Amino acid sequence: MKFRATEGAQRVTAMDVLQLFGLFAVTAMLVCYALEDRSHWYILGFAVACALGSAYGFLQGAWPFGLVEAIWALVALRRWAQVRPLSKSN
């Protein structure tokens, strides 16, 4: 009986880590989205945060959420590529 209680406690801890990962991803998305007018790097940060959100969605079993976040990551990455300053190669 004691083994089962420990096994259940490990499952709860693993779920808490996954939830913290999801909270981090969504918070990073919010912060980067709010600050994206300040620098093109925040747009890239938003793309990375969306990719993390996508991973979270797939890891928790909500594949539609994971798929939509992956699309958002690609859209944000494309937007970053369009607005970033081009380096001069002269």
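That block above? That's the structure.
Just so you know, these numbers come straight off a predicted model, no measurement behind them.

Rules and cut-offs
- Residues numbered from 1 in each chain as written.
- Predicted model: local features only at pLDDT ≥ 70, side-chain atom pairs only at ≥ 80, totals over all residues.
- Heavy atoms only, no water.
- Axes fitted to C-alpha atoms, helices over the stretch in contact; angles between N-to-C directions.
- Helix = DSSP H or I, 4+ residues; strand = E, 2+ residues; numbered from the N terminus.
- Parallel < 35°, antiparallel > 145°, perpendicular 65-115°, else oblique.
- Left-handed = near helix turned anticlockwise from the far one by under 90°.
- Nonpolar A, V, L, I, M, F, W, Y, C, P; charged D, E, K, R; others polar.
- Disulfide = S-S within 2.5 Å.
- Buried < 20%, exposed > 50% of the residue type's maximum accessible area, 1.4 Å probe, protein only.
- Core = buried A, V, L, I, M, F, W, Y, C linked by side-chain atoms within 4.5 Å.
- Contact = heavy atoms within 4.5 Å.
- Salt bridge = Lys/Arg side-chain N within 4 Å of Asp/Glu carboxyl O.
- Polar contact = N/O pair within 3.5 Å; in protein donor to acceptor, adjacent residues only side chain to side chain.

Participant: Help me get a handle on the packing of helix 2 (residues 40–60) against helix 3 (residues 63–83), residues and values and all.
Facilitator: Two elements in contact, helix 2 and helix 3, have axes whose closest approach is 7 Å; the angle formed by their N-to-C orientations is 165 degrees. The pairing of helix 2 with helix 3 is recorded here as roughly antiparallel in orientation. Once helix 2 is placed against helix 3, the crossing between them reads as left-handed. Class assignment for the residues of the contact of helix 2 with helix 3 results in 19 nonpolar, five polar and two charged.

Participant: Describe the state of the cysteines, naming the residues involved and giving the relevant values.
Facilitator: The tally for this structure, following the rule as stated, stands at zero disulfides. Cysteine Cys32 is unpaired, with the sulfur of Cys50 as its nearest cysteine sulfur at 9.0 Å. Residue class for Cys50 comes out buried when judged on its relative accessible area of 0%.

Participant: If you had to explain the nonpolar core to someone new, which residues and values would you point to?
Facilitator: Counting nine residues, the largest nonpolar core consists of Ala28, Met29, Cys32, Phe46, Ala47, Ala49, Cys50, Ala73 and Ala76. For this core, the element with the most residues is helix 2, which contributes four residues. Among residues more than four places away in sequence, those in contact with Ala76 are Ile43, Phe46 and Ala47.

Participant: Account for the pattern of salt bridges, naming residues and giving values.
Facilitator: Counted according to the given criterion, the structure contains one salt bridge. Residue Glu36 pairs with Arg79 through a salt bridge whose shortest N-O separation is 3.1 Å. Placement of Glu36 in the loop between helix 1 (2–35) and helix 2 and of Arg79 in helix 3 is noted, with a sequence separation of 43 residues between them. Under the relative-accessibility criterion, Glu36 is labelled buried at 12%. You can call Arg79 partly exposed: its relative accessible area is 35%.

Participant: Could you give an account of the side chain of His40, with specific residues and numbers?
Facilitator: Within the element layout of this structure, His40 appears in helix 2. Using a relative accessible area of 18% as the deciding quantity, one classes His40 as buried. Within polar-contact distance, the side chain of His40 engages the side chain of Trp41 at 3.3 Å. If we ignore the near neighbours within four places in the chain, the residues touching His40 are Trp80, Val83, Arg84 and Pro85.

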